[in-house]
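Architecture at a glance
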Amino acid sequence: MSTRDLLAEAHHLAVAYLEGAADRHVGGTVDREALLERLGGPLPDGPSDPHLVVANLARDADPGIVASIGPRYFGFVTGGALPVTVAADWLVSAWDQNGAMYVMSPALAVMEDIVAGWLLEMLQLPAGASVGFVTGAHMANFTCLAAARHEVLRRAGWNVEEHGLQGAPRVAIVAGEHAHISVIGALRMLGFGANAVVRVPVDEQGRVQLAAFERTLAGVDGPLIVCAQAGNVGSGGSDPIAGMVAAARPRGAWVHVDGAFGLWAAAVPELASQVTGIDTADSWTTDAHKWLNVPYDSGLAIVAHPAAHRAAMGLQASYLIRGTDEQRIGMDWVPESSRRARVIPLYALFRALGREGIQSMIRQNVTLARRMAARLANVPGVHVVNDVVLNQVLVRFDGDSQRAPDETTTDVIRRVQADGTCWAGGATWFRDQVMRISVSNWSTTEQDIDRSADAILGCYKASLQEGA
């Protein structure tokens, strides 16, 4: 079979999936053992017909494919993939460019520079900031916090890239009690340890309490890194970033903002007040595969101090050919050397939607999240426990004489996932079990929200009836 025929077969299978995604059972429909039986077997001894490999792969994996690109998937702040970004991503695989250096792909390096400029303009961040294109918010947090580690230790007279952390001045890390696990994971990888983080109390929406933050700063010494949050993964609420920067700056602190999805509030005029002062921080993290709706994987590490950013990430070797200063060396800004050309779908997105189209997509999701909250909260026994300021809805279900609310809520989540009309996950919110709904997909409509709300309420009713 020719390459053209093989790609045509893959195109046919992909289009069939894309066109049917909105009507699929949203979650997987088989268990692990069934998937092992369908996909496994002994290591093949010899070659197989590529046509059969592709056809059988699509057939056998299908029951375990989650329709996360569909309009009623509300789990994990997962965006869909706009058609233009999927098409661009196909070109990424066909071109197979390595994003490490300009000489490896001049077009890719130039696109990274262009998209970085568009990104900073849209988010109203400092025009001179450096941008790294990484896998997601975890690696973006790692990159930004590595730059932070470099800079606060440099100011203390220590070169961490040359000498490591053994013997270095102790760095204080301050973050809210609801700091995202990816921030903690990044700090662990950077050698600080999860227990080294000084936690600050938060309010009922998971936002850092500014007075408590100021008191906390008064109790720590030495080089200081502050981690703020734009968009709590549960409530969507953002920390008082302007006040945190104002309090931390006299201490010479580096302020990092984890904004995997909430950073995009800065791009929409009527939402921007939620992240006032965000441009005064030192670094920022966000995901493109969340609210920008490009295919996985796509994260962004943004640093206001390019010298610190490059010092933390850059590598030198005789065979790594560097050109002029104007030629972007992608590996200077990320933890990877070889990497996929993940900027290309982003470039296509900005070209296709522009500023207004991206703002409209974000507004639509916020409006639909509020519609979902209103539909659910209108029913006795159903409680929306957060202020719906962005795209997050947290829901708790009353129990009955036989079951507590935690048990009922867990049961409703299980029933919703089994029903397949939509998919929503569970979480713990201040020790209570809740259903977590994230409206992040470009293709979700009012009809999808209403259909999903009806299914969730139907599952709640069935849960109560069965428990009675």
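Residues numbered from 1 in each chain as written. Predicted model: local features only at pLDDT ≥ 70, side-chain atom pairs only at ≥ 80, totals over all residues. Heavy atoms only, no water.

**Considerations on the overall build of the protein**
What counts here: Each helix is a run of DSSP H or I of at least 4 residues and each strand a run of E of at least 2, with the numbering of both proceeding from the N terminus. Computation of the radius of gyration draws on C-alpha atoms, with the globule rule given as 2.2 Å multiplied by the number of residues to the power 0.38. Only protein chains enter the accessibility calculation, which uses a 1.4 Å probe; a residue whose area is less than 20% of its type maximum is buried, one above 50% is exposed, and one in between is partly exposed.
Helix and strand counts for the protein stand at 14 helices and 11 strands. The globule rule puts the C-alpha radius of gyration for 468 residues at 23 Å, and the 24 Å found for the protein is close to it. When the backbone C-alpha atoms are referred to their principal axes, the protein occupies close to 65 × 65 × 45 Å. Scored against the burial criterion, the 468 residues of the protein give a buried share of 50%.

**Side note on the environment of valine 66**
Secondary-structure assignment places valine 66 in the loop between helix H3 (50-61) and helix H4 (83-95). On the accessibility criterion, valine 66 (32% relative accessible area) is partly exposed. Residues valine 66 and histidine 25, spaced 41 residues apart in sequence, show a C-alpha to C-alpha distance of 8.2 Å.

**Description of the pairing of strand E2 (residues 172-176)**
For clarity, the threshold we go by: A pair of strands counts as paired when DSSP detects no fewer than two bridges linking them. The path from the first strand over the helix to the second decides the hand: if it runs clockwise while the strands point away from the viewer, the crossover is right-handed.
Counted residue by residue, E2 has 5 buried out of 5 residues, so it is predominantly covered. Where burial is concerned, the two faces of E2 agree: the one with Ala172, Val174 and Gly176 and the one with Ile173 and Ala175 are both buried. Pairing analysis gives 4 bridges linking E2 to strand E4 (residues 224-229), with the strands arranged parallel. Residue pairing across strands places alanine 175 opposite cysteine 227, the latter belonging to E4. The parallel pair E2 and strand E3 (residues 197-200), bridged by helix H8 (residues 181-189), forms a crossover whose chirality is right-handed.

**Remarks on the nonpolar core**
Put simply, the rule reads: Side-chain atoms within 4.5 Å link the members of a nonpolar core, which is a set of buried Ala, Val, Leu, Ile, Met, Phe, Trp, Tyr and Cys residues.
Membership of the largest hydrophobic core comes to 66 residues, with the highest contact counts inside it found for Phe213, Val226, Trp264, Ile278, Ile302 and Leu346. Ranked by the residues each element gives to this core, the list is headed by helix H12 (residues 343-377), at 10 residues. Residues Ala175, Ile184, Ala186 and Leu187 belong to the second largest nonpolar core, which totals 32 residues.

**Observations concerning the pattern of salt bridges**
The line we're drawing: The term salt bridge refers to a side-chain nitrogen of Lys or Arg lying within 4 Å of a carboxyl oxygen of Asp or Glu.
The final tally for this structure, using the stated rule, is 30 salt bridges. A salt bridge links glutamate 112 to arginine 328; its shortest N-O distance comes to 2.6 Å. Taken together, the residues glutamate 112 in helix H5 (residues 106-123) and arginine 328 in the loop between helix H11 (306-313) and H12 connect sequence positions 216 residues apart. In this structure, glutamate 112 and arginine 328 share a single accessibility class: buried. Between arginine 375 and aspartate 454 there is a salt bridge; the shortest N-O distance is 2.5 Å. Pair noted here: arginine 375 is in helix H12 and aspartate 454 is in helix H14 (residues 446-467), with a separation of 79 residues, a long-range link. Residue classification places aspartate 454 among the partly exposed residues on the basis of a relative accessible area of 46%. Look at the salt bridges and you will find they share partners, linking Arg371, Arg375, Glu446, Asp450 and Asp454 into a network.

**Examining the sheet that holds strand E11 (residues 432-438)**
For the record, the criterion: Angular values range over 0 to 180 degrees, each being the angle between N-to-C directions of two axes fitted as lines to C-alpha atoms, with helices fitted over their stretch in contact. Whether two residues touch is decided by their heavy atoms; if any such pair falls within 4.5 Å, the residues are in contact.
Pairing is antiparallel in the open sheet, where 4 strands are placed in the order E8-E9-E11-E10. Strands with a single pairing partner mark the edges of an open sheet, and in this sheet they are strand E8 (382-384) and strand E10 (425-429). Between one strand and the next, the sheet's axes are offset by a mean angle of 40°, whatever the strand orientation. Direction of pairing for E8 relative to strand E9 (residues 392-397): antiparallel, over a ladder of 3 bridges. Residue pairing in the sheet places valine 382 in a bridge with phenylalanine 397 of E9. Each of E8, E9 and E11 touches H12; the most contacted strand, E8, lies at about 150° to it. Lying on the sheet, helix H13 (residues 405-419) is in contact with E9, E10 and E11; it crosses E11 at an angle near 30°.

**Quick notes on unusual backbone geometry**
Of the consecutive residues tyrosine 296 and aspartate 297, the connecting peptide bond is found in the cis state with omega at 0°. Mapped onto the elements, aspartate 297 comes out in the loop between strand E6 (283-287) and strand E7 (299-303). Located in the positive-phi region is phenylalanine 76, a residue other than glycine, with phi close to 60°. By the secondary structure assignment, phenylalanine 76 is in the loop between H3 and H4. With relative accessibility at 52%, the residue phenylalanine 76 sits in the exposed group.

**Regarding the packing of aromatic side chains**
What counts here: Aromatic rings from Phe, Tyr and Trp, with only the six-membered ring used for Trp, were paired whenever their centres fell within 6.5 Å, and each pair was classed as stacked if the ring planes differed by under 30 degrees, edge-to-face if by over 60, and tilted otherwise.
Applying the stated rule across the entire model yields 7 aromatic pairs. With a centroid separation of 5.5 Å and 20° between ring planes, the pair formed by tyrosine 73 and tryptophan 423 is classed as stacked. Linking tyrosine 73 in the loop between H3 and H4 with tryptophan 423 in the loop between H13 and E10, this pair joins segments that are 350 residues apart in sequence. What makes tyrosine 73 buried here is its relative accessible area of 7%. Taking the relative accessible area as the measure of exposure, tryptophan 423 reaches 14% and is therefore buried.

**Digging into the side chain of serine 440**
As a reminder of what qualifies: Polar contact is the term for a pair of N or O atoms within 3.5 Å; when the atoms are in protein, one must be able to donate a hydrogen and the other to accept it, and sequence-neighboring residues count only if both atoms are side-chain atoms.
Summarising the element assignment, serine 440 is placed in the loop between E11 and H14. According to the relative accessible area criterion, serine 440 is buried, its value standing at 1%. Looking at serine 440, its side chain comes within polar contact range of the side chain of asparagine 391, at 3.2 Å. The contact partners of serine 440, leaving out residues within four places of it in the chain, are Val77, Thr78, Gly79, Gly80, Lys290, Trp291, Asn293, Asn365 and Asn391.

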